[in-house]
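Structure at a glance
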Amino acid sequence: MAIKQLEAKRRERAGKGAARAVRRENRVPAVIYGAGQPPVSISLDYNTTNKLVYAGRFLTTLFEIDVEGEKLRALPRDYQLDPVTDKPIHVDFLRLVSGATVRVEVPVHFINQDISVGLKKGGTLNIVRHTVEMTVPADNIPSGITGDLAKLDLGESLHISAFAIPEGCTLMITDRDFTVATIAVPSGYKEAEAEEAAAAATAEAAPAAAPAKK
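Residues numbered from 1 in each chain as written. Predicted model: local features only at pLDDT ≥ 70, side-chain atom pairs only at ≥ 80, totals over all residues. Heavy atoms only, no water.

1. As for the packing of aromatic side chains
One pass over the full model with this rule turns up 4 aromatic pairs. Each ring, one from Phe58 and one from Tyr79, has its centre 5.8 Å from the other, and the planes form 70 degrees; the classification is edge-to-face. You can see Phe58 sitting in the loop between helix H2 (46-54) and strand S4 (63-67) and its partner Tyr79 sitting in strand S5 (residues 70-81), a full 21 residues away along the chain. The exposure class of Tyr79 is partly exposed, given its relative accessible area of 27%. Consider the rings of Phe110 and Phe163, whose centres lie 6.4 Å apart with planes at 75 degrees: the pair is edge-to-face. Placement of Phe110 in strand S7 (residues 101-111) and of Phe163 in the loop between strand S11 (157-159) and strand S12 (170-171) is noted, with a sequence separation of 53 residues between them. Among the residues examined, Phe110 registers a relative accessible area of 13% and is labelled buried. Among the aromatic residues, those joined into a cluster by ring pairs are Phe58, Phe63, Tyr79 and Phe93. If you follow Arg129 out to its NZ or CZ, it ends over the ring of Phe178, 4.5 Å from the centre. (Phe/Tyr/Trp six-rings, centres within 6.5 Å; stacked < 30°, edge-to-face > 60°. Helix = DSSP H or I, 4+ residues; strand = E, 2+ residues; numbered from the N terminus. Buried < 20%, exposed > 50% of the residue type's maximum accessible area, 1.4 Å probe, protein only. Lys NZ or Arg CZ within 6 Å of the ring centre and 35° of its normal.)

2. Looking at helix H1 (residues 16-24)
Three- or four-residue spacings in an α-helix give side chains the same orientation, since the helix completes a turn every 3.6 residues. Taken as a whole, H1 has its buried residues at Ala18, Ala19 and Val22. On an axial view of H1, the arc spanned by its buried residues comes to 100 degrees, and they lie on one face. Every exposed residue of H1 that faces more than 90 degrees away from the buried side is listed here: Lys16 and Arg24. For H1, the secondary structure elements touched by its buried residues are strand S2 (27-34) and strand S3 (37-45). Downstream of H1 by one or two residues, Asn26 has phi in the positive range, about 60 degrees. (Arc of directions from axis to C-beta. Contact = heavy atoms within 4.5 Å.)

3. A closer look at a positive patch on the surface
On the surface, a cluster of positive charge is made up of Lys16, Arg20, Arg23 and Arg24. The residue Arg20 is located in helix H1 in this model. With a relative accessible area of 48%, Arg20 lands in the partly exposed category. (Patch = residues over 30% accessible without salt bridge, like charges linked within 9 Å, V, L, I, M, F, W, Y side chains within 5 Å. Areas by Shrake-Rupley, 256 points an atom, 1.4 Å probe, with all protein chains shown as cover. Salt bridge = Lys/Arg side-chain N within 4 Å of Asp/Glu carboxyl O. Lys, Arg positive; Asp, Glu negative; His and termini not counted. Charge placed at Lys NZ, Arg CZ, Asp CG, Glu CD.)

4. What about unusual backbone geometry?
Backbone geometry at Asn26 places phi at a positive 60 degrees, although glycine is not the residue there. You can see Asn26 is positioned in the loop between H1 and S2.

5. Description of the sheet that holds S11
Spatial strand order, S8-S13-S11: 3 strands in an open sheet with antiparallel pairing. Of all the strands in the sheet, the pair left with one neighbour each is strand S8 (124-127) and S11. Direction aside, the axes of adjacent strands within the sheet are offset by 15 degrees on average. As paired elements, S11 and strand S13 (residues 179-184) share 3 bridges and run antiparallel to each other. Along S13, the bridge assignment pairs His159 with Thr179. (Pairing = 2+ DSSP bridges. Axes fitted to C-alpha atoms, helices over the stretch in contact; angles between N-to-C directions.)

6. Some words on the sheet that holds S7
Overall, mixed pairing links the 4 strands, which are arranged S10-S7-S9-S12 in an open sheet. Of all the strands in the sheet, just strand S10 (145-148) and S12 have a single pairing partner and so form its edges.

7. What to know about the side chain of Ser43
Within the fold, Ser43 resides in strand S3. Side chain to side chain, Ser43 and Arg27 meet in a polar contact 2.8 Å long. Excluding residues that lie within four positions of it along the chain, Ser43 makes contacts with Ala8, Lys9, Arg11, Val22, Arg27, Val28 and Pro29. (Polar contact = N/O pair within 3.5 Å; in protein donor to acceptor, adjacent residues only side chain to side chain.)

Here is the structure:
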């Protein structure tokens, strides 16, 4: 996957007071930790961070962070939003080293909705899991896994076994073939089927019930 570039400034002081001072400068306090090395306190441009957070897939995006000339490869592990304004106020990054693996939520995508058997009959796609948790190579985090809806009929389910899992990735749930999506039967469909079946049965029985001609 592509690695995004991100510029940061080093923070010499930590703590709530220092963090508030950083935010007053229209920046977001953050920390890079892990890989057996001391944590690095940094600050990020607020506008850039806000766009990245709300663009989606932030927690599965690999970054090369330029901390005043020192480049660190890291993956966002968590972020905090202001409870009132929903603005990002802190980000935690996990430092990555060559050959490392990380545990992430990989997005689920679907194809062939337009020719899906069940959807063409009026069914509704019910996505049970929007993401699937996996252990993946840190330098090759998949952007998603894809399920084909073409042959899925009303009431049928698409299980994880129908998805191609990228090489080097391991599912966290391995004890069952769990459901990822289903095609929900539209309201009234079963009743309509029952009425049609009853009408057909009545039509077939009518000639037999008619009196024989002399």
